[in-house]
Each structure stands twice: as C-alpha cells, then as structure tokens.
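Single-letter residue listing:
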Amino acid sequence: MAIEAAQVLSSDRTSLSDVLAVAKRIAEGVIRENATQIDKDCSWPEAGLRALQAAGLGGLVVDRKFGGLGHGLMALAKVCEILGRECASTAICFGMHCVGSSVIAARATDHHAQAFLRPICEGKHLTTLALSEAGTGSHFYFPQTRLTHVDEATLRIDGQKHFVTNGAHVDSYVVSVMNHDPEGLVQFSCTVLPDGTEGMTWHDSWQGFGMRGNDSRTLDLDGVHLDAGNLLGSEGDQIWYMFNVVAPYFLAAMSGTYLGVASDALEIVRAHLIAREFKHDGRRLADSSVLQQRLGTLWAKTEAVRQLLYNGARMFDAGDENAVIHILSSKAEVADVATHVVNEAMTMMGGTAYRDGDRMQRHLRDVRAAHVMAPTTDLLRIWTGRKLLGLALFGDE
C-alpha cells in the first residue's frame, strides 16, 4: 500500500496526536479492508502491519536515541484501541511487536541497537514474544526452555514455545529461558532469537475460534545455537524484564485492543438502534426506554475501564511506582467489560447480528480471548489483591 507523505511520521512529527492520526488513517483504510478476509482465511495481517511500519510506527515505544518515537504505555494502549476497533488480530500482532521492541530496548547493548532496534525503527524489522509453554500455562514467567553455554561466545536453547503470536512471520523472537548460575541454582533469562536460526521448527498455522489472524503457533527449539551477545541484560534478569517491561506493555496492548473491540461493538449497536424502525407504527428501537437504559449502561462501563487503563498508562509513563496496580487491574476489567458489551450488543441487535452481522460475530469470537490470554483475569485479580495487601505477587495461585 502506498503511503502519502502526510501519513508518515518523522523526526519533527512524533507527537501523540500525530501518532494517533496516522494509526487511525491506516486502521480505517487497509486494516478495515482486510479484516473480514483475515478472519475468514486465518491469514496473518501482513498488509496492515507493513502499512504501520511504512508509516513510521514500528519504533513506537523505542527510545529516540535508537531512532524510535519514544512513546510509552499511553500511546501503545491508544494505538491498539484504534486498531482493535477494525481488526483485533492486527492490533494484537502489532502490540506484540511493540512489547518485544520494548524488551530489546530496555537494557540494549550496541549490538542490540544495530542488529534489532535501528532496523525496527526504520520499518525493516518486526519482532514478537515467545514466552508461553504448555507446561507452565498462565505462569509464563517460569519457563522450562533450557539455556546452556556451548562456549564463551555461543549459547544453546532447547525447548518448546506455544502460542507465539506472529509465529514464523517476523524477523526475531524474544525467548524466555531457564538456566543455572555458577552455583547450580535455577535462574531465568531472556534472549532475542533471529528468525531462520538453525534448529527452529514451526508447527501448523493457527486455526483458532477467534483472533484468527494471530498465527499463534508452536515453536520447537532443538539445539538452537545463538550468539551470546543476543542475551538480553544479564543472566537471571528475566523476572525483572517480565514485571517491569513485558507485563505493563503486554497488558496495555491487550487492554487497548479489547477496549477497541468493545467500543466498535457499542457503536454498531448504537447505529442499529437509531436506524431500525418498525413498519407498523414508525417507532425506532432508539425510542425504547429499556434499550436506552441498556445502551447507557454499556457506555458507562466501557468509559470507566477506558479511564482505568489511561490513568494507569499515564502513571507508568510518569514513573509512578503505584502504576502497576492500575495496569494489572485494567486488563482484567477490560476483559470483563468487553466480553459483556459484545454479548449484550449481540442481544440488543436481535436476529440481525446472527444473520448477517459478520463484524459483530467476529468481535464476539475475538473478545473471548481477553480472559484467557495470560496473565488470565483470575490471576490478575489475585495479583491486584496481593498488591493491595502489601504481599508479594507470587503466592498460592
């Protein structure tokens, strides 16, 4: 897709309003045009992602010293919300690229900057996360994939990752691993793995109930050799990365995406109530006080979780240490509200949504993933409660 100059971000055009305007034009253009087919074919949303890259959004959350736009959680949440209105799969795929970018950038070396971050910011490189495993479920921060040292310059990775969003399509993967310190104690670390490294084997493409463009595949890692320079931070830093970088950016991206789904569902049902008119008496559905009350309630619930998310993002970007509780809670509450809003919207539209409401039906299937994408809603509420009680996050979960 050709991108006009006015749609491309540059060094003198990086404000949040500029970012959102560019994201909106792409969302309402190529992303909207491809959303139905992506859902039908379970196809990875390449056109939308390439358009976002070409417009300069690849380095959205990467520091300006690496050539990025230097934005944080607020921009990520709002961009994913805009994209999620049109295609939740595209929003999550872009969101995971941004989360991966933020992890690489957090403690970047010169090697990381040259090999990964500058190409990301130039729109030449996409990345993603490879954290989840079948054996640990929503406890993604306890990986069992093994890291060993071949020699001082070479690492070896063995294991299997599940639900790798953007699987087999991007240029690198942030992989969490388990290894042992010199005293033999278990520690957890993070690496960045270039695509096509020998020993990587992808399983079949994603054919899910919803989020059908994610291509969240299983990845086998069998004797994968990796340059030691691709270790992120120091060995044993994985828990720091998980709760200082991965969790906040990941939760903001997911919350924004599903807030976008809820917002679009709300707009679809609002338009339906205004347009639907009974032939026998000329009254509209919009004239029903029951439906007025239900629509008003859905709007209030949606706006409440939007402000919870925005407030947490604002606090995080300002360096407020109390932001974490808002970020943890926002994804759980957005998941609850988004699922409720889409379900209610389907009911309020009656048979129309079931007969030919392909967009609403897609939202219904997509939004179901909000509760189960780790950290799950239950786990996030446990963590929120533990933070309120002054307890460590890890306990009897």
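Every value quoted in this text rests on a predicted model; they were computed, and no experiment measured them. The numbers attached to residues start from 1 for each chain and follow its sequence in the written order. For a predicted model such as this one, the threshold for reporting local features is a pLDDT of at least 70, and the threshold for listing and counting side-chain atom pairs is 80 or more; totals across whole chains, interfaces and linings nevertheless cover every residue. Just so you know, side-chain values use all the structure's heavy atoms and leave hydrogens and water out.

## Section: the overall build of the chain
The way it works is that DSSP assigns letters per residue, a run of H or I at least four long becomes a helix, a run of E at least two long becomes a strand, and they are numbered from the N terminus. Assigned secondary structure in the chain consists of twelve helices and eight strands. On C-alpha atoms alone, the chain measures out to a radius of gyration of 21 Å, which is about the 21 Å that the 2.2 N^0.38 rule sets for 397 residues. With the C-alpha coordinates of the chain rotated into their principal frame, the extents come out at 80 × 50 × 40 Å. Exposure categories follow from relative accessible area, calculated using a 1.4 Å probe and restricted to protein chains: below 20% of the type maximum is buried, above 50% is exposed, and the middle band is partly exposed. Buried residues in the chain amount to 54% of all 397 residues. Method for areas: the Shrake-Rupley scheme with a 1.4 Å probe, in which residue coverage is limited to the protein chains shown. On the chain, roughly 16500 Å² of surface is accessible, and the fraction owed to carbon and sulfur atoms is 50%. In this tally, Lys and Arg are treated as positive and Asp and Glu as negative; His is ignored, and so are the chain termini. By convention, the charge on Lys lies at NZ, on Arg at CZ, on Asp at CG and on Glu at CD. Here the chain contributes 36 positive and 47 negative side-chain charges, whose respective centroids are spaced 9 Å apart. The globule rule used for comparison is 2.2 Å times the number of residues to the exponent 0.38, while the radius of gyration itself is calculated over C-alpha atoms.

## As for helix α7 (residues 289-317)
For α7, with 29 residues, the first-to-last C-alpha span of 42 Å sits near the 42 Å given by 1.5 Å per residue. Those residues of α7 not exposed but buried are Leu291, Leu295, Leu298, Thr302, Val305, Arg306, Leu309, Tyr310, Gly312, Ala313 and Met315. Residues of α7 that are buried in the fold lie against α3 (73-86), α6 (238-275) and α8 (323-348). Downstream of α7 by a residue or two, Gly319 has a phi angle that is positive, lying close to 80°. By this rule the span expected of a helix is its residue count minus one, scaled by 1.5 Å. Only heavy atoms enter the contact rule, under which two residues are in contact if any of them lie within 4.5 Å.

## Quick word on the nonpolar core
Judged by nonpolar contacts, the single largest core of 124 residues is most densely connected at Leu57, Leu60, Phe94 and Tyr258. With 18 residues, the single largest contributor to this core is α6. When sequence neighbours within four positions are dropped, the list of residues in contact with Leu60 reads Val19, Leu69, Gly70, His71, Ala75, Leu76, Val79, Phe94 and Cys98. Within this scheme, the nonpolar core is defined by two criteria: the residues are buried Ala, Val, Leu, Ile, Met, Phe, Trp, Tyr or Cys, and they are joined through side-chain atoms within 4.5 Å.

## A word on unusual backbone geometry
Cis rather than trans, the peptide bond between Ala374 and Pro375 has omega equal to -5°. Relative to the elements of secondary structure, Pro375 occurs in the loop between α11 (369-372) and α12 (377-388). Positioned with a positive phi, Cys42 is a non-glycine residue whose angle comes to about 55°. Checked against the element boundaries, Cys42 lands in the loop between α1 (16-41) and α2 (46-54). Overall, Cys42 belongs to the buried group, its relative accessible area being 8%. If you check the backbone angles, Asn166 has positive phi at about 70° while not being a glycine. Mapping Asn166 onto the fold places it in the loop between β3 (154-164) and β4 (172-180).

## Concerning the packing of aromatic side chains
Pairs were defined over the aromatic rings of Phe, Tyr and Trp, the Trp ring being its six-membered one, requiring ring centres within 6.5 Å. Orientation was assigned from the angle between planes: stacked under 30 degrees, edge-to-face over 60, tilted for the rest. Counted by the stated rule, this structure contains ten aromatic pairs. When the centroid spacing of 5.8 Å and the interplanar angle of 45° are considered together, the rings of Phe142 and Phe188 count as tilted. Taken together, the residues span a long stretch of sequence, with Phe142 in the loop between β1 (127-130) and β2 (146-151) and Phe188 in strand β5 (residues 186-194) at a distance of 46 residues. An aromatic cluster is defined as three or more aromatic residues linked by ring pairs; in this entry it consists of Phe140, Tyr141, Phe142, Phe188, Phe243 and Trp383.

## Thoughts on the packing of α8 against helix α10 (residues 358-367)
Angles shown run from 0 to 180 degrees and are taken between the N-to-C directions of axes, each axis being a line fitted to C-alpha atoms and, for helices, limited to the stretch in contact. Here α8 crosses α10 at 150°, and the two axes come no closer than 9 Å. Regarding the angle of α8 to α10, the classification is roughly antiparallel. In this structure, α8 meets α10 at a crossing whose hand is left-handed. Of the residues in α10, those in contact with Ala338, Thr339, Val342, Asn343, Ala345 and Met346 of α8 are Met360, Gln361, His363, Leu364 and Val367. For classification purposes, angles smaller than 35 degrees are called roughly parallel, those larger than 145 roughly antiparallel, those between 65 and 115 roughly perpendicular, and all remaining angles oblique. Handedness of each helix crossing follows the sense of rotation of the near helix against the far helix: counterclockwise by less than a right angle gives left-handed, clockwise gives right-handed.

## Focus: the pairing of β1
Side-chain alternation along β1 places Thr127 and Leu129 on one buried face and Thr128 and Ala130 on a second face that is also buried. Paired strands are those between which DSSP finds at least two bridges. Here β1 runs beside β4; their pairing, made up of four bridges, is parallel. Counted as the bridge partner of Ala130 is Val175 from β4.

Fair warning: the whole summary comes from geometry, so function is off the table for now.
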